[in-house]
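Spelled out, the chains give:
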Amino acid sequence: MKPISTLALALFIGLSTPAQAASLFDDLGGLESITRFTNRLVDLTFTDPRTAHQFKHTKKERLARLLVDQLCEASGGPCRYKGVNMKKSHIKLGITEAEFNALVEQLQQAMDEEGVPFHAQNRLLAILAPMKRDIVER
Amino acid sequence: MRMMAISLTHDQVGLGMGNITNFNMGRTVRRALSVALAFLAVPTIGHADDSPPPENLFGSGKILATPGVIQVEGAGGSGLSTWAMISGYGTNRQVGGSAHHTFVTTNDFTLNATGVTIGLFDRLELSFTRQWFDTGSAGGRLGLGEGFKFNQDIVGAKVRLFGDAVYAQDTWLPQVSLGAQYKKADKGATVRAVGAADDDDIDLYLTASKILLDKSLVLSGAARLTRANQFGLLGFGGPNGGRSLQFEGSAAYLLSRHFVLGADYRTKPDNLAFAEEDDAMAAYVVWLPSKHITVTAAYTDLGKIALQGRQRGFYLSLQLGF
Ligand code: HEM
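Residues numbered from 1 in each chain as written. Chains lettered and ligands numbered in written order. Predicted model: local features only at pLDDT ≥ 70, side-chain atom pairs only at ≥ 80, totals over all residues. Heavy atoms only, no water.

A. Quick look at the coordination of the iron atom of the ligand. In this structure, the iron atom of the ligand receives exactly one donor atom from the protein: His90(A) (NE2), at 2.0 Å. One can find His90(A) in helix H5 (residues 86-90). (Donors = N, O, S within 2.8 Å, 3.2 Å for Na, K, Ca; no water. Helix = DSSP H or I, 4+ residues; strand = E, 2+ residues; numbered from the N terminus.)

Here it is as structure tokens:
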């Protein structure tokens, strides 16, 4: 029991170094790849019945452009997000956890289709996951 | 896919029924019911253009693999250990649930477990599992009779206290849940004859879990207050002691979207005088082809059981749910 818990602790500490954001941008395939899977994500989001109803009044191209900037910057790429913050842009939408997760699944599908490696996908999702606090309202 | 269709129908019927709860006269109810059914026949026309569609109560809104699997006693977790996640794919506004059958075969024994586990609004988990422990030919050697079975029923409840294992990726704070398992062994006279103080008891456990998404890892640890002998199959307490604090922990690695590798370690009390009891471990691979089917295959070492030496073998669990 003792060696096991020591091992678990060592694992915890050893793995607690933060991911290198700069290399995540590269691991996602750079700006071209991010642009392609983000456009695909937005296509899916606008058509999937689980999320489409939220985007009836949204300009697709503008949202896609803002999202590319946001994902590029969040992964350590040379972009700057100039849109509204997550709380302000989502507060009135009454987004549910199921809708948030549906969008995550669409992003996973889009990244799969782009050939982004599974573990790089998870590193991006780890950055996006805490945004749920500002986005999901019910 | 077929299961999705079934649960969708349930949801719509549920919503329809909601319309008639205020009526109590037979004829009124019947009329209201037919009105409700008429609505069901044209489910889309009722919505105003802008109102969001009603969320499907059984919509399996969680992300694949995040609730873990059903562990051997019926709680949400992995093979031998409980996790803080609430079982099933229901979100905070949904209900999830699944049934499992688990089969373990070791050198001398086989264990079968079957049960149902439901998760309510990602807050409360309720479970029922029955275990059958077949002593096979060892039963003859122990003077119980060949193929003698020790069985038990386990009723479990778990409540999520605080923390967020999945989304709070910017903090170390794990998700923490408190659980209880009421266990009742069916061979009361026999378990007392081997030295157990009781044939039923309650295990209490506090469990903390975290998904480290940027490492594709899941870590979980639990403290369990218990006096269960061999999970409760051999009764509770005995000449060597009563309740004690035991540990169960697991580490799992998300190999790909549909495969998880992991290991569990669990300490157990050693209360009976006639036979020594050891810690148990398992190393497993989980295959999740969809949110509705989960298969766990494991190598397990349950330690010494009932004087028959160390029990190593194979663990297989099939889980169907939403
Ligand atoms: C991690 C997840 C998400 C991220 C990173 C994200 C990001 C963004 C960004 C960058 C914008 C543009 C803000 C601006 O106008 O300046 C936006 C707008 C919007 N988001 Fe999200 N979002 C997420 C989840 C969701 C979900 C789950 C929904 C609903 C299903 C949603 C619905 C919307 C809508 C409808 C708008 C447009 C509002 C408008 O038209 O002005 N978002 N989001």
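Back to the text.
B. View of the state of the cysteines. All names here are of chain A. Using the criterion set out here, one finds one disulfide over all chains in the structure. Across the disulfide from Cys 72 sits Cys 79; the S-S distance is 1.8 Å. As the torsion about the S-S bond is roughly 75°, the Cys 72-Cys 79 disulfide counts as right-handed. (Disulfide = S-S within 2.5 Å.)

C. Quick peek at the site of the ligand. All names here are of chain A. Surrounding the ligand, one finds 22 residues, the nearest of these being Phe 55, Thr 58, Arg 62, Val 84 and His 90. A distance of 3.0 Å is found between an oxygen atom of the ligand and a side-chain nitrogen or oxygen belonging to Thr 58. Contact between the ligand and Val 84: an oxygen atom at 2.7 Å from a main-chain N or O atom of the residue. Put simply, the parts of the chain that give the shell around the ligand at least two residues each are helix H4 (60-74), H5 and helix H6 (97-114). Here the shell around the ligand takes five residues from H4, the largest share from any one element. Class assignment for the residues of the shell around the ligand results in 13 nonpolar, seven polar and two charged. (Near = heavy atom within 4 Å. Polar contact = N/O pair within 3.5 Å; in protein donor to acceptor, adjacent residues only side chain to side chain. Nonpolar A, V, L, I, M, F, W, Y, C, P; charged D, E, K, R; others polar.)

D. Geometry of the nonpolar core. Counting residues in hydrophobic clusters, the biggest one holds 74 residues, and the most contacted among them are Leu28(A), Phe37(A), Leu107(A) and Leu124(A). Elements that contribute at least two residues to this core include exactly helix H2 (21-27), helix H3 (30-47), H4, H6 and helix H7 (118-128) of chain A together with strand E11 (244-256), strand E13 (280-290) and strand E14 (293-304) of chain B. When near neighbours in sequence (up to four residues on either side) are disregarded, Leu107(A) contacts Phe37(A), Leu41(A), Leu124(A), Leu125(A) and Leu128(A). (Core = buried A, V, L, I, M, F, W, Y, C linked by side-chain atoms within 4.5 Å. Buried < 20%, exposed > 50% of the residue type's maximum accessible area, 1.4 Å probe, protein only. Contact = heavy atoms within 4.5 Å.)

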